[in-house]
Amino acid sequence: MKIETIEQIKITAEDGKVLRRILDNQICGNVVYLGYTYYLGGAKLAQPIKEVPEFYEEIDAPIEKEK
């Protein structure tokens, strides 16, 4: 049996903000756990990329329309 301890990076947006991935403008919500990205903009990558906090920016949360 092989046991590994993996450090995980979590980024959290401030209140009223969300995180957007800069590479493809995907809005990811207010909390993101970083790992590997296998798709960008709906297209599968030939090689997955390891995400870093610099791939994300904090933007104002979109206003949801009432139904």
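Residues numbered from 1 in each chain as written. Predicted model: local features only at pLDDT ≥ 70, side-chain atom pairs only at ≥ 80, totals over all residues. Heavy atoms only, no water.

Student: Could you clarify how one ought to interpret a nonpolar patch on the surface in this entry?
Tutor: On the surface, a cluster of nonpolar side chains totalling about 370 Å² of accessible area is made up of Tyr-36, Tyr-38 and Tyr-39. Judged by relative accessible area, which is 48%, Tyr-36 ranks as partly exposed. (Patch = residues over 30% accessible without salt bridge, like charges linked within 9 Å, V, L, I, M, F, W, Y side chains within 5 Å. Areas by Shrake-Rupley, 256 points an atom, 1.4 Å probe, with all protein chains shown as cover. Salt bridge = Lys/Arg side-chain N within 4 Å of Asp/Glu carboxyl O. Buried < 20%, exposed > 50% of the residue type's maximum accessible area, 1.4 Å probe, protein only.)

Student: Teacher, can you tell me more about the pattern of salt bridges here?
Tutor: Between side chains of opposite charge, a pair can form as their charged atoms come close. Counted according to the given criterion, the structure contains 4 salt bridges. Arg-21 is the salt-bridge partner of Asp-24, the closest N and O atoms lying 2.9 Å from each other. Residue Arg-21 is joined to Glu-51 by a salt bridge in which the shortest nitrogen-to-oxygen separation is 3.3 Å. With Arg-21 in strand S2 (residues 17-21) and Glu-51 in the loop between strand S6 (43-50) and strand S7 (56-60), the pair connects residues that are 30 residues apart, well separated along the chain. Neither residue differs from the other here; Arg-21 and Glu-51 are each classed as buried. (Helix = DSSP H or I, 4+ residues; strand = E, 2+ residues; numbered from the N terminus.)

Student: What is the right way to read the nonpolar core from this model?
Tutor: Across soluble globular proteins, nonpolar side chains show a tendency to be buried alongside one another. Ranked by size, the top nonpolar core spans 6 residues in total: Ile-11, Ala-13, Leu-19, Val-32, Leu-34 and Tyr-56. Those residues in contact with Ile-11 that sit more than four places away from it in its chain are Leu-19, Asn-30, Val-31, Val-32, Leu-34, Pro-53 and Tyr-56. (Core = buried A, V, L, I, M, F, W, Y, C linked by side-chain atoms within 4.5 Å. Contact = heavy atoms within 4.5 Å.)

Student: I tried to follow the environment of Lys-17 on my own but got confused; where do I start?
Tutor: Looking at where Lys-17 falls in the secondary structure, it is placed in strand S2. Between the alpha carbons of Lys-17 and Ile-59 there is a distance of 5.4 Å; along the sequence they are 42 residues apart. With residues near it in sequence (within four places) discarded, Lys-17 still touches Asn-30, Glu-58, Ile-59, Asp-60 and Ala-61. For Lys-17, the side chain forms a polar contact with the side chain of Asp-60, separated by 2.9 Å. (Polar contact = N/O pair within 3.5 Å; in protein donor to acceptor, adjacent residues only side chain to side chain.)

Student: Please explain the sheet that holds S2 as it appears in this structure.
Tutor: In a beta sheet, neighbouring strands pair by backbone hydrogen bonds and run either parallel or antiparallel. Taken in spatial order, the 3 strands line up as S3-S2-S7 in an open sheet, and their pairing is antiparallel. A strand with exactly one partner marks an edge of an open sheet, and here the two such strands are strand S3 (26-29) and S7. For this sheet, the mean inter-axis angle between neighbouring strands, taken without regard to orientation, is 40°. Summarising the sheet, S2 and S7 pair through 5 bridges and their orientation is antiparallel. (Pairing = 2+ DSSP bridges. Axes fitted to C-alpha atoms, helices over the stretch in contact; angles between N-to-C directions.)

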